[in-house]
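Architecture and fold: a report
Spelled out, the chains give:
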Amino acid sequence: MTNPIVRFTISTRLLLLIGIIAVGMGGILHLSTIYIRDALFDKYIEQTQHLVQTAYSLLTQCADKITTEGASLEEAQTCAITLIGNLRYGKDEYFWINNMDGVMLVHPLKGMAGKNIFDDKDITEKYLTRSVIDIVKKYGEGHDTYYWPPNEKNAKMKISYFMGFPKWGWIVGTGTYVEQIETEINDILIKLISAASFLVLISLLIASIIGRSISKPIVDLNGVMRELAAGNLDIDVKPNSRMDEIGSMAQTVQIFVENARRIARIETEKSDMENMKSEFISVVSHELRTPLTSIRGALGLIAGTMAKDMPEKAAHLIQIAYINCDRLMTLINDLLDIDKAAAGELHFDMRHEKLAPIMSQAIETNRSYAEKYFVRLSCDPLPDSIEVNVDKARLLQVLSNLLSNAAKFSPAGGKVRLYAETDTENVRINVSDYGLGIPEEFRSRVFQKFSQAESSSTRKKGGTGLGLHISKNLVELMGGQIGFDSTVGLGSTFWVEFPMIKHGAKT
Ligand code: ADP
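Residues numbered from 1 in each chain as written. Predicted model: local features only at pLDDT ≥ 70, side-chain atom pairs only at ≥ 80, totals over all residues. Heavy atoms only, no water.

Focus on the site of the ligand
Around the ligand, the structure places 21 residues, and the nearest of them are N405, D433, Q452, T464 and L468. K408 places a polar side-chain atom, nitrogen or oxygen, 2.9 Å from an oxygen atom of the ligand. With respect to the ligand, the backbone of G467 contributes an N or O atom lying 3.3 Å from an oxygen atom. Summarising the interface, the protein chains cover 97% of the accessible area of the ligand, which totals 530 Å² for the free molecule. (Near = heavy atom within 4 Å. Polar contact = N/O pair within 3.5 Å; in protein donor to acceptor, adjacent residues only side chain to side chain. Areas by Shrake-Rupley, 256 points an atom, 1.4 Å probe, with all protein chains shown as cover.)

Printed below as a string of structure tokens:
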């Protein structure tokens, strides 16, 4: 028996599931990255804003010196430039100040302080100072991104926050390189990806362990079932101490194996008994036939020649004994036929025979039997040309059985019709009666040995239940088919079918 291809093993399905989860995690990770990036940017902008607010308060303090300490504008501005110019945070991060004309007032970069960068552009061609001035004019404060320093190829992207100081027409600001934020984002990302990969790896490992722990015993059990299906009943399910569904399945399969063994044992015993029974019937039939033939011959002789010299009662008894002996002879011949058919020893004298004379002969042979039941047999005419390849005596035996059954199961005064139908290939011989019909529940057993319908009327009619079984054997061994159609209460039609001999075909 070939093993059907297992396309999707349990392990594959589990791995597929983990794959889907991994893809899902990837998606979530991607969304998280976007979210984290936005959040980090917001955080940096907010931090920078707070820092600028601090510088702005220093600026205010210096400006206030004019009113509180009577300082000159120049002194106040020098105070602001000194204080803010020296202010540092983080890794040497600084503040810058420029005025609304784009002149840089405070910047630690060499040569930058005092320079007008109003018309300077960054590497993306952006007028960065003009952009900052525009935002301050519009909103008073805000943030912007640009590449710093201007006019330089290896400038880096910066995000800056700035506030306008309208009193002096100044702008104070500070910024962070985006690279720094990216580094932080990457750090977080690496941690997230490592954690996710670790999770996926662990899941894969667990999935493959679970997959194996499920599929291995199933594959073993499948092997046991296959061996059983192939007829090997010596196989046993490996002992399994699992307390789960698979353990329970293994126990069930073992029970199944034991049941299969028991059934096989019963089957063997049954077939041994069948053999013994058949042998017994065969021996008894053989042993009975010879003495019965001589008893029947003697009784026939007495009934035929000496009956007239006997008292009427004795002659009657001899006649009954003769009839019963005849029935016994029929039964024994039937049993011997079955025996021979089973042993493949039935011999057939197959010839191309005209069907019409066989049908007429069958009617003639059974007419007196039918009359006992007050039943009339009729035969539809059939063209002489129709021929079949059969053993004539055996076909007569079959038709006799069908006709006698039809007569037996017809009501008194009934009719039985024998007729043939042809198509291009076959000829079907039908025996129709208008009798009891075959009960639904008995139909499947009609052709079985010793089977009779369970109605009291059937029992009363006698018989052995062997006729149809023998007929089926004979018809099939001659290359034909047998069957019936029946309606309870309306009657039955039993038929036999043989291939028709084509005109011109040789014997
Ligand atoms: P027997 O007639 O000796 O009992 P058969 O094998 O010829 O054995 O028939 C088996 C059973 O089939 C009969 O006992 C009867 O119940 C049923 N049977 C056969 N032919 C007919 C029929 N024409 N009408 C009704 N029942 C039938």
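Remarks on the state of the cysteines
In the structure shown here, the tally under the stated rule is one disulfide. Disulfide partner of C62: C79, at an S-S distance of 2.1 Å. In this structure, the disulfide formed by C62 and C79 twists by about -55 degrees around the S-S bond and is classed as left-handed. In this pair, C62 is assigned in helix α1 (residues 10-68) and C79 in helix α2 (residues 73-86), connecting sequence segments 17 residues apart. (Disulfide = S-S within 2.5 Å. Helix = DSSP H or I, 4+ residues; strand = E, 2+ residues; numbered from the N terminus.)

Description of the packing of aromatic side chains
A full pass over the atoms with the stated rule returns nine aromatic pairs. When the ring of Y369 is compared with that of Y373, the centres are 5.4 Å apart and the planes differ by 55 degrees; the resulting orientation is tilted. The exposure class of Y369 is partly exposed, given its relative accessible area of 24%. What makes Y373 partly exposed here is its relative accessible area of 22%. Linked through ring pairs, Y56, F165, W168 and W170 together constitute an aromatic cluster. The aromatic ring of Y127 is capped on one face by R130, whose charged end is 3.8 Å from the ring centroid. (Phe/Tyr/Trp six-rings, centres within 6.5 Å; stacked < 30°, edge-to-face > 60°. Buried < 20%, exposed > 50% of the residue type's maximum accessible area, 1.4 Å probe, protein only. Lys NZ or Arg CZ within 6 Å of the ring centre and 35° of its normal.)

Some points on the domain arrangement of the protein
Domain boundaries assigned for the protein yield domain 1 (11-183), domain 2 (245-343) and domain 3 (351-499). Domain 2 and domain 3 are separated by 23 Å when their C-alpha centres are compared. At the junction of the two partners, domain 2 supplies seven residues and domain 3 supplies 10 residues. Here domain 2 meets domain 3 over a buried area of about 720 Å², counting both sides, of which 67% is carbon and sulfur. Considering only the side of domain 2, the residues that lose the most area to domain 3 are D334, D337 and I338, jointly responsible for 55% of the buried surface there. Counting every contact that joins domain 2 to domain 3 gives one salt bridge. Summed over the shared surface of domain 2 and domain 3, the number is two residue pairs in polar contact (both at pLDDT 80 or more). Classifying every residue of the side of domain 2 that touches domain 3 gives four nonpolar, no polar and three charged. (Domains from an automatic or database assignment. Contact = heavy atoms within 4.5 Å. Buried area = accessible area lost by both parts, 1.4 Å probe. Salt bridge = Lys/Arg side-chain N within 4 Å of Asp/Glu carboxyl O. Nonpolar A, V, L, I, M, F, W, Y, C, P; charged D, E, K, R; others polar.)

Side note on the environment of H352
Summarising the element assignment, H352 is placed in strand β8 (residues 351-354). The exposure class of H352 is partly exposed, given its relative accessible area of 22%. Between the C-alpha atoms of H352 and D391, which are 39 residues apart in sequence, the distance is 8.6 Å.

Examining the nonpolar core
Within soluble globular proteins, side chains that are nonpolar generally end up buried alongside one another. Grouped together as the largest cluster of nonpolar side chains are 48 residues, with contacts concentrated most on L355 and V496. The element contributing the most residues to this core is helix α8 (residues 392-408), with eight residues. Counting contributing residues per domain, this core is built from domain 2 (245-343) and domain 3 (351-499), each supplying no fewer than three. Filtering out sequence-adjacent residues up to four positions away, L355 remains in contact with L382, I386, E387, V388, L395, V427 and I429. With 30 residues, the next largest nonpolar core counts A63, I97, Y161 and W168 among its residues. (Core = buried A, V, L, I, M, F, W, Y, C linked by side-chain atoms within 4.5 Å.)

Thoughts on the sheet that holds strand β3 (residues 96-99)
Strands sit in the order β4-β3-β7-β6-β5 across an open sheet of five strands; the sheet is antiparallel. Looking at strand neighbours, the two that pair on one side only are β4 (104-106) and β5 (141-148), the edges of this open sheet. Strand-to-strand twist of the sheet, defined as the mean angle between neighbouring strand axes without regard to direction, takes the value 35 degrees. (Pairing = 2+ DSSP bridges. Axes fitted to C-alpha atoms, helices over the stretch in contact; angles between N-to-C directions.)

Some points on helix α10 (residues 467-477)
The set of residues buried in α10 consists of G467, L468, H469, I470, S471, L474 and V475. In the stretch just after α10, G479 is the one whose phi turns positive, near 85 degrees.

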